[in-house]
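# Structure at a glance
Residue strings, one per chain:
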Amino acid sequence: MNGVGAVRRWWRQAPVRDVVLALGVTAALLYGSYGEAHPSTTAYFQGGHHLPHTPAPALILVAVACLALIWRRRWPVAVLGVSVAAATIYTLLGYVNGAALVAPMAALYTVAAQTAVRQAVAYGLGTLVVLGSASIAVNPLGPFGGGVVILPFMIAVVVVAGIAVANRRAYVDSIRDRAEQDARRRLDEERLRIARELHDVVAHTMATINVQAGVAAHVLPASPEAAAESLQAIKTASKEGLRELRAILNVLRQADDADPTQPAPGTAQLEDLIAGARRSGLETTFTVTGQPVPLPAAVDLAAYRIIQESLTNTIRHAGPATAAVSLGYRRDELRIDVTDTGRGQPAIAGSDGGHGLAGMRERAAAVGGTVEAGPGPADGFRVAARLPLGGRLADPPGPVADPPPGPAAGAPAADPAAAAQEGNRS
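Keep in mind it's a predicted model, so treat the numbers as computed, not measured.

### Things to note about the overall build of the chain
- Across its full length, the chain carries twelve helices and five strands.
- Taking all 426 residues of the chain together, 38% fall into the buried category.
- Accessible surface, the chain as shown: approximately 24300 Å² in total, 62% of it carbon and sulfur.

The structure is reproduced here in structure tokens:
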């Protein structure tokens, strides 16, 4: 089957195809023209016509009209002109032109299939006027005998067929372009998803390692046991991070293989995530309200990543603090609430901002949810997310505009500590 498909592709693309078809048409029309020139009876010639037999050299004009079709795809209009001119000269010499008219029809079909509708109709009418006038003027079978009567119908069928093929090609091209655009969009979405996964994994792991390394360096002279615990936490965090990175890389390397057997992170792994945060020195509580229900895969992953990123930000920016994670199952949505008791660190002028908060908002928006982040009711920082279980929130809040870069004229200045805290968490 592969060999047959290769031959078909070669036949569609190879220039030899047009040569073979043109030679076949030439042979058929020369035979037909010779048959018209040597009828079994001359009774149907009118007015005592002197040419019941067409001389052989005149058939060269039929051959020219046919052989020009070799270049019909490259220069369709020029080939139509040559073919019509040769057939017209053959007709004006007084020879029977029934078979000779087929060659211009093939050229006209190619023109109609490669031009706009108006141009195709114009070329069809021009061909009809030229060939029809020549046939009527010197037709040995009478003004309206032979091919003159069917010539308009031949041209109409050819033009309509060419227009139909052109429309079909345009339709196929539009489908192909749409498919390519969809493929590019899916590729961009997949790249963004992988970037989010890598950010979440690397940021969480490196934040834990950074904090524990600082603790180990600080307590090593006075308390080697505590330093050993921090090093063990570093080992555990790095091992977990490498495992997740390896899973992501395996998906990239084996995109065409069977689906991976290892499940994606979700709410089922939150206990392990909380335990890791505790090993990192962040005392964290975890509560679940409502009746847990199976979550859609995208919502499950988004919930895990939002909580993971929130705890990562707390470890990096909150300083000595505690955190509380709450997961609330409602009838049609999942509510996430992550709070800490830290104060954050002042923003460093000129430092690059991260993508944590933006990534959380994008993850929530991807499943139809929302994320609100800012200072907590009393102190610390709070991340609250709502993820719908049915595709969209029943009562989505209105859009929350980003804070302006500075206070408006006459308006009270924003709290600099809260602004710095929000900037750090991003």
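The rest of the description comes next.
### A closer look at the packing of aromatic side chains
- The tally for this structure, following the rule as stated, stands at zero aromatic pairs.
- Geometry around W75 places R74 over its ring, the cationic atom sitting 5.4 Å from the centre.

### What to know about a nonpolar patch on the surface
- Among the surface-exposed residues, V16, V19, V20, L23 and L67 lie close enough to one another that they form a single nonpolar patch of about 340 Å² accessible area.
- In terms of residues, the nonpolar patch owes the most to one element, helix α2 (residues 16-37), which gives four residues.

### Side note on the nonpolar core
- The biggest cluster of nonpolar side chains holds 31 residues, and the ones touching the most others in it are I306, I307, L311, L327, I336 and L387.
- Secondary-structure elements contributing two or more residues to this core are α9 (270-279), α10 (297-317), β2 (322-329), β3 (333-340), α11 (356-366) and β5 (381-388).
- Contact partners of I306, with chain neighbours within four places excluded, come to M360, A364, V371, V383, A385 and L387.

### A closer look at the pattern of salt bridges
- Throughout the structure, instances matching the rule amount to six salt bridges.
- Put simply, R176 and D173 hold a salt bridge, and the shortest N to O gap is 2.8 Å. Within this pair, R176 and its partner D173 are both found in helix α7 (residues 151-219), separated by three residues, close to a single helical turn.
- Between E333 and R386 there is a salt bridge, and its shortest N-O distance comes to 3.0 Å. Taken together, the positions of E333 in strand β3 and R386 in strand β5 put the pair 53 residues apart, joining distant regions of the chain. In this structure, E333 and R386 share a single accessibility class: buried.
- One continuous salt-bridge network, built from bridges that share partners, spans E333, R335 and R386.

### Looking at the pairing of strand β1 (residues 283-289)
- When β1 meets β2, the two strands line up parallel, connected through seven bridges. Bridging across to β2, T287 finds its partner in S326.
- With respect to chirality, the unit in which β1 leads through α10 into the neighbouring parallel β2 is left-handed.

### Here we look at the environment of L357
- Here L357 lies in helix α11.
- For the pair L357 and A373, spaced 16 residues apart in sequence, the C-alpha to C-alpha distance is 7.6 Å.

### Quick notes on α2
- Over its 22 residues, α2 runs 31 Å from end to end, which matches the ideal 32 Å to within 8%, given 1.5 Å per residue.
- Among the residues of α2, those classed as buried are R17, D18, A22, T26, L29, S33 and A37. The arc that holds every buried residue of α2, seen down its axis, measures 160°, which confines them to one face.

### Let's talk about the sheet that holds strand β4 (residues 370-375)
- With mixed pairing, five strands are arranged side by side in an open sheet as β1-β2-β3-β5-β4. The sheet terminates laterally at β1 and β4, the two strands that pair on one side only. Strand-to-strand, the axes of this sheet are offset by a mean angle of 10°, without reference to chain direction.
- Relative to β3, β2 runs antiparallel, the two sharing seven bridges. Residue pairing across strands places A323 opposite D340, the latter belonging to β3.
- The strands that α11 touches are β4 and β5; relative to β4, the one it contacts most, it runs at about 155°.

### Some details on the confidence of the model for the chain
- Considering every residue of the chain, the mean pLDDT works out to 75; 69% of them sit at 70 or more.
- Counted against residues more than four places away or in other chains, residues 345-353, with its pLDDT under 50, gives eight contacts.
- Low confidence marks residues 398-424, where pLDDT is under 50. Its contacts with residues over four positions away, or in another chain, come to 21 contacts.

### Here we look at the environment of N97
- Mapped onto the elements of the fold, N97 is located in the loop between α4 (76-92) and α5 (102-114).
- Under the relative-accessibility criterion, N97 is labelled buried at 6%.
- Between the alpha carbons of N97 and S135 there is a distance of 7.9 Å; along the sequence they are 38 residues apart.

### A look at the packing of α9 against α10
- At their nearest, the axes of α9 and α10 sit 11 Å apart, and the two run at 5° to each other. Taken together, the axis directions place α9 and α10 in an arrangement best described as roughly parallel. Within the contact between the two elements, α9 uses L270, L273, I274 and A277 and α10 uses Y304, I307, Q308 and L311.

Definitions and limits used
- Residues numbered from 1 in each chain as written.
- Predicted model: local features only at pLDDT ≥ 70, side-chain atom pairs only at ≥ 80, totals over all residues.
- Heavy atoms only, no water.
- Helix = DSSP H or I, 4+ residues; strand = E, 2+ residues; numbered from the N terminus.
- Buried < 20%, exposed > 50% of the residue type's maximum accessible area, 1.4 Å probe, protein only.
- Areas by Shrake-Rupley, 256 points an atom, 1.4 Å probe, with all protein chains shown as cover.
- Phe/Tyr/Trp six-rings, centres within 6.5 Å; stacked < 30°, edge-to-face > 60°.
- Lys NZ or Arg CZ within 6 Å of the ring centre and 35° of its normal.
- Patch = residues over 30% accessible without salt bridge, like charges linked within 9 Å, V, L, I, M, F, W, Y side chains within 5 Å.
- Salt bridge = Lys/Arg side-chain N within 4 Å of Asp/Glu carboxyl O.
- Core = buried A, V, L, I, M, F, W, Y, C linked by side-chain atoms within 4.5 Å.
- Contact = heavy atoms within 4.5 Å.
- Pairing = 2+ DSSP bridges.
- Right-handed = clockwise from strand over helix to strand, strands pointing away.
- Expected span 1.5 Å × (residues − 1).
- Arc of directions from axis to C-beta.
- Axes fitted to C-alpha atoms, helices over the stretch in contact; angles between N-to-C directions.
- pLDDT = per-residue confidence, 0-100.
- Parallel < 35°, antiparallel > 145°, perpendicular 65-115°, else oblique.

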